[in-house]
Amino acid sequence: MKKITIEGGTPVFGEVHISGAKNSVLPLIAATLLTNGVSLIADSPWLSDVDTMCRVLTHLGAETGFADGELALDTTDLRTVEPPGELVRKMRASFLIMGPLLARTGRARMSLPGGCAIGSRPIDLHLKGFEAMGAQISIEHGFIEARADRLQGARIYLDFPSVGATENIMMAASLADGITLIENAAHEPEIIDLANMLGVMGANIKGAGTNSIRIEGVPTLKPARHSVIPDRIEAGSFLCMAAATGGELILNNVLAEHLQPLLAKLSEMGCAIEVSYDSIHILGPEEITPVDIKTLPYPGFPTDLQAQVMALLTVCKGTATVTETVFENRFMHAEELAKMGADIKIDGSKARINGVSHLEGARVMATDLRAGAAMVIAAQMAQGKTEITGVEHIDRGYENLTEKLRRIGSRIRICEA
Ligand code: UD1
């Protein structure tokens, strides 16, 4: 078991190259199952979640390889439609193979998915979509099986704009008979990235990035080469670190339009921000002005940046609030921040943060992926040394984090716990 230690209390300075988006590459890998041949995914980050997804595909019969930031996936021969439970339970995004497998082979069977412990995270909307398209679904002993001779296009209204359900249904519908309309679809940039790759594969998708996506099924899709969009959450985490430490960073390989809610809030907090074609320059303030934040589906404030922004608000001059509306039970980092001296009161889905003068180094835990990033930010701000356990969560979503942090002046070490 690894742990991170950080000698904090110093600002971060320098340049950071942002990796390809984890939340894009996982559905893109799943999408390659829709085709027969070799697909290439460029600008892919190498993360433990990417490794897990590749191992899921390898188990199904695909061949996968990674070199120079490019993933190669040969999905010509599939020998099974049942991925191993221990891989599926590791990562919720593994459920994204259900739609492609069902559409391509007419059957998929897998155990209920796992992932970060941030609420109950059901999959009812994915299943509602497959059923509307004519699939027979059965759930027994923790396994879900879906069958359909050929999926039929359908009109599907999502009760919540779920990212995963939108992606899974979009992939399945690409090979269905007829037209599928997803209403109240998720708008996230990763949905557009997936639609772009499916388009290169020959799918007929209109409206990705709006709340109504229309997919006209085609009989076959061909393999494609596609480049992953930059990771807006990794970029947002570094922006929060610059703000929190009063540092100065230039982030390269970013799309600022994907980060509008965070950039607006960081400006309100007193950061100076300059945006250019594919980079963002941020200068953290001397004092952090308190702000109120509410997470929402895109284009609202991302729930995946809630923990990181809470870490930086712990030292604001006054009282800030953070309201989480996307997931229940996503405030586990508040308790860890409190160990470092933060004053946070949780009332249901709302956290009230009374700014303190500074944080103190402590022993804390990364309770999930983004909470882990929040701990790293807090550790960099804090006086003294912080030890962070649960590093495996952080490895799921941040490529070369220790290296990137060292280059911007962090006194970070990684060692066996
Ligand atoms: C994706 C992201 C995750 C991010 C989340 C919300 C990936 C790999 N992960 O997760 O990092 O935090 O979007 O932006 O892209 N829900 C249901 N029924 C369903 C599906 C979802 O009730 O069938 C609920 C969930 O419990 C949650 C909300 O919808 O409360 C959002 O979930 P969803 O958008 O599906 O998130 P994921 O796709 O799992």
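Everything quoted here is computed from the prediction, not taken from an experiment. (Residues numbered from 1 in each chain as written. Predicted model: local features only at pLDDT ≥ 70, side-chain atom pairs only at ≥ 80, totals over all residues. Heavy atoms only, no water.)

Regarding the packing of aromatic side chains
Evaluated as defined, the whole model comprises one aromatic pair. When the ring of W46 is compared with that of F66, the centres are 4.8 Å apart and the planes differ by 35°; the resulting orientation is tilted. Taken together, the residues W46 in the loop between strand 3 (38-42) and helix 2 (48-60) and F66 in strand 4 (residues 63-67) connect sequence positions 20 residues apart. In this structure W46 comes out as partly exposed when scored by relative accessible area, which is 36%. Residue placement shows R109 over the ring face of F143; its charged tip is 4.4 Å from the ring centre. (Phe/Tyr/Trp six-rings, centres within 6.5 Å; stacked < 30°, edge-to-face > 60°. Helix = DSSP H or I, 4+ residues; strand = E, 2+ residues; numbered from the N terminus. Buried < 20%, exposed > 50% of the residue type's maximum accessible area, 1.4 Å probe, protein only. Lys NZ or Arg CZ within 6 Å of the ring centre and 35° of its normal.)

Quick look at the domain arrangement of the protein
Per the domain assignment, the segments making up the protein are domain 1 (2-19 + 230-416) and domain 2 (22-227). Spacing between the C-alpha centres of domain 1 and domain 2 amounts to 30 Å. If you look at the interface, domain 1 gives 23 residues, while domain 2 gives 22 residues. For domain 1, the biggest contributors to the area lost against domain 2 are Y298, R396 and E399; these three give 34% of the whole. Inspection of the region where domain 1 meets domain 2 yields two salt bridges. Across the salt bridge formed by D49 and R396, the nearest N and O atoms sit 2.8 Å from each other. Our count for the contact surface shared by domain 1 and domain 2 stands at eight residue pairs in polar contact (both at pLDDT 80 or more). (Domains from an automatic or database assignment. Contact = heavy atoms within 4.5 Å. Buried area = accessible area lost by both parts, 1.4 Å probe. Salt bridge = Lys/Arg side-chain N within 4 Å of Asp/Glu carboxyl O. Polar contact = N/O pair within 3.5 Å; in protein donor to acceptor, adjacent residues only side chain to side chain.)

Points about the site of the ligand
Around the ligand sit 18 residues in total, of which R92, D124, S162, D304 and V326 are the nearest. P122 places a main-chain nitrogen or oxygen 3.3 Å from an oxygen atom of the ligand. Contacts to the ligand include G164, whose backbone N or O atom sits 2.8 Å from an oxygen atom. Look at the ligand: alone it shows 740 Å² of surface, and the protein chains cover 87% of it. Elements with a contribution of two residues or more to the shell around the ligand: helix 5 (124-132) and helix 6 (163-174). When residues in the shell around the ligand are grouped by element, the largest group, three residues, is from helix 5. Residues that form the shell around the ligand fall into these classes: eight nonpolar, five polar and five charged. Taken domain by domain, the shell around the ligand gets at least three of its residues from each of domain 1 (2-19 + 230-416) and domain 2 (22-227). (Near = heavy atom within 4 Å. Areas by Shrake-Rupley, 256 points an atom, 1.4 Å probe, with all protein chains shown as cover. Nonpolar A, V, L, I, M, F, W, Y, C, P; charged D, E, K, R; others polar.)

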